[in-house]
Amino acid sequence: MEYTQLGRTGLKVSRLVLGTMNFGPLTDEADSHTIMDAALDAGINFFDTANVYGWRENKGRTESIIGNWFAQNGERRDKVVLATKVYGNMAAEGDAWPNHDKLSALNIRRAVDASLKRLRTDHIDVYQFHHIDRSTPFEEIWQAVDVLVQQGKILYVGSSNFPGYKIAQANEAAARRGTMGLVSEQCLYNLAERRAEMEIVPAAREYGLGVIPWSPLQGGLLGGVLKKEAEGGRRASGRTAEVLADPAGRAQIQAYEDLLDKHGVEPGEAALAWLLTRPGVTGPIVGPRTPEQLASALRAVELELGEELLAGLDEIFPGPGPSPEAFAW
């Protein structure tokens, strides 16, 4: 496993991030523990989760699965850089009350304590804002964060799904308080969805945030979906099915798979390896449902993409270009 600094911090993290969103809803607790064991054995030390994972009536379930895994062996927690998120309403469906979501100081305090209890730990290494809160000023948010840092409950703060201007606002507000501000941004970024290159990635690099792409395979679209379909595998659904229903979208994915077949590279591994070549990227989030999927993701770290292949990928999936040149001059 390769390691890098998380943004401008001294924290060393693996270049693959273990995403845990499937733990509970799609992967049972025993298999989730097996995947975490395999990830740690392979050198992955950066685990990502969120308080709402588990969804609907089981919000918090994923954090509890991770907490139970930590409790089985005290050394595990010491080896893991643990990241979770706050924003979503944690009340049971139909039982939501005001102040049980978003980024008010009250909800941040409540959410941290609840996550710590489920995760069965005394601190969170990277506490992430899951979305922007247009109603809460950053001065209030940072005041709440400063208290938690002083209490030792959190160490670093990251964002998720922030536009570039909010990254700038957040860190300028933190600078006025003399605090560190955001150190990472978790955003939708992959070969098929490169709009983050226009504003988010430049803002993150300017302010020293590590970029952590989520959905690196665009919901399976970049994982060899046409080949699997031809071999009688599970048919595409959701956003992937919508893309493939469009003749132009299907032709683009076919060209992608044909290019990688020519170079003898598996599509899913190539998509991850491509992200590892992008400036500012700390590491993509991989969310395996099985140990086999984790093994495939691990191979991407050692995969080197040649200049000809990289040029071919850019031709199939051209980026938007930098801002403002992408839309002005």
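Remember, predicted model here, so these are calculated numbers, not experimental data.

**Student:** Lay out the overall build of the protein chain in plain terms, naming residues and giving numbers.
**Tutor:** Of regular secondary structure, the protein chain possesses 13 helices and 10 strands. Computed over C-alpha atoms, the radius of gyration of the protein chain comes to 20 Å, within 12% of the 20 Å expected from 2.2 N^0.38 for 329 residues, which places it in the range of a compact globule. A separation threshold of at least 6 residues defines the contact pool for the protein chain, and within that pool the share at least 24 residues apart is 77%. Summed over its atoms, the accessible surface of the protein chain is roughly 15,400 Å², and 49% of this surface lies on carbon and sulfur atoms. The averaged location of the 44 negative side-chain charges in the protein chain is 5 Å from the averaged location of its 34 positive side-chain charges.

**Student:** Before we move on, could you go through the pattern of salt bridges and cite the residues and values that matter?
**Tutor:** Following the criterion strictly, the structure yields 15 salt bridges and no others. A salt bridge links Glu29 to Arg61, with the nearest nitrogen and oxygen atoms 2.7 Å apart. Here Glu29, found in helix α1 (residues 29–41), pairs with Arg61, found in helix α2 (residues 61–72); they are 32 residues apart in sequence, far enough to count as distant. Classification of Arg61 by relative accessible area gives partly exposed; the value is 32%. One salt bridge in this structure joins Glu193 and Arg195, with 2.8 Å as the shortest N-O distance. For Glu193, a relative accessible area of 12% gives the class buried. Classification of Arg195 as exposed rests on a relative accessible area of 59%.

**Student:** I'd like a rundown of the sheet that holds strand β4 (residues 46–48), residues and numbers included.
**Tutor:** Here we have eight strands laid out as an open sheet, ordered β9-β8-β7-β6-β5-β4-β3-β10, and parallel in their pairing. With one partner strand each, in any of the chains shown, β9 (210–214) and β10 (285–286) form the two edges of the open sheet. Where strand β8 (residues 182–188) meets β9, five bridges bridge the pair, whose relative direction is parallel. Directly across from Gln186, in β9, lies its bridge partner Ile212.

**Student:** Would you mind going over the packing of helix α9 (residues 238–245) against helix α10 (residues 247–263) in detail, with residue names and values included?
**Tutor:** Between two packed helices, the angle of one axis relative to the other and the distance separating the axes together describe the packing. At their nearest, the axes of α9 and α10 sit 5 Å apart, and the two run at 100 degrees to each other. On the basis of their axis angle, the class for α9 and α10 is roughly perpendicular. Where α9 abuts α10, its residues Val243, Leu244 and Ala245 lie against Pro247, Gly249, Arg250 and Ile253. Classifying every residue of the contact of α9 with α10 gives five nonpolar, one polar and one charged.

**Student:** Go over the environment of Arg8, please, and point to the residues and values.
**Tutor:** For Arg8, the location among the structural elements is in the loop between β1 (3–5) and β2 (12–14). Along the backbone, Arg8 and Glu57 are 49 residues apart, and their C-alpha atoms lie at a distance of 38 Å. Not counting residues up to four positions away in its chain, the partners in contact with Arg8 are Asn171, Met180, Gly181, Leu182, Val183, Tyr207, Gly208 and Leu209. At 2.2 Å, the side chain of Arg8 forms a polar contact with the backbone oxygen of Met180. Among the polar contacts made by the side chain of Arg8, one reaches the main-chain carbonyl oxygen of Tyr207 at a distance of 3.0 Å.

**Student:** Account for the side chain of Thr282, naming residues and giving values.
**Tutor:** Looking at the element boundaries, Thr282 is found in the loop between α11 (267–276) and β10. For Thr282, a relative accessible area of 3% gives the class buried. When residues no more than four places from it in sequence are discounted, the contact partners of Thr282 are Thr4, Gln5, Leu6, Gly7, Val13, Arg15, Gly210, Val211 and Ile212.

**Student:** Pulling in residues and values, what's your account of the layout of surface pockets?
**Tutor:** If a probe as big as a water molecule is rolled over the atoms, it shows which places are left empty. Approximately 1,600 Å³ is the volume attributed to the largest pocket. In terms of lining residues, the largest pocket is bounded by 50 residues, among which Leu217, Gly219, Gly220, Gly287 and Arg289 are the most central. The set of elements that each furnish at least two residues to the lining of the largest pocket consists of α8 (225–230), α9, α11, β10 and α12 (291–302). When residues of the lining of the largest pocket are assigned to their parent elements, the largest contribution, five residues, is made by α12. Taken as a whole, the second largest pocket spans an internal volume of roughly 150 Å³. Forming the boundary of the second largest pocket are Trp142, Val145, Asp146, Val149, Gln150, Leu155, Tyr156, Val157, Thr179, Met180, Gly181 and Val183. When residues of the lining of the second largest pocket are traced back to their parent elements, those giving at least two are α5 (138–151) and β7 (154–160). No other element matches the five residues that α5 contributes to the lining of the second largest pocket. Looking at side-chain class alone, the lining of the second largest pocket contains eight nonpolar, three polar and one charged residues.

How each quantity is defined
Residues numbered from 1 in each chain as written. Predicted model: local features only at pLDDT ≥ 70, side-chain atom pairs only at ≥ 80, totals over all residues. Heavy atoms only, no water. Helix = DSSP H or I, 4+ residues; strand = E, 2+ residues; numbered from the N terminus. Rg over C-alpha atoms; globule rule 2.2 N^0.38 Å. Contact = heavy atoms within 4.5 Å. Areas by Shrake-Rupley, 256 points an atom, 1.4 Å probe, with all protein chains shown as cover. Lys, Arg positive; Asp, Glu negative; His and termini not counted. Charge placed at Lys NZ, Arg CZ, Asp CG, Glu CD. Salt bridge = Lys/Arg side-chain N within 4 Å of Asp/Glu carboxyl O. Buried < 20%, exposed > 50% of the residue type's maximum accessible area, 1.4 Å probe, protein only. Pairing = 2+ DSSP bridges. Axes fitted to C-alpha atoms, helices over the stretch in contact; angles between N-to-C directions. Parallel < 35°, antiparallel > 145°, perpendicular 65-115°, else oblique. Nonpolar A, V, L, I, M, F, W, Y, C, P; charged D, E, K, R; others polar. Polar contact = N/O pair within 3.5 Å; in protein donor to acceptor, adjacent residues only side chain to side chain. 1 Å grid on protein atoms, 1.4 Å probe; cavity = no way out; pocket = protein on both sides within 12 Å on 5 of 7 lines; lining within 4 Å. Points joined across faces, edges and corners; volume = space filled by probe spheres on them.

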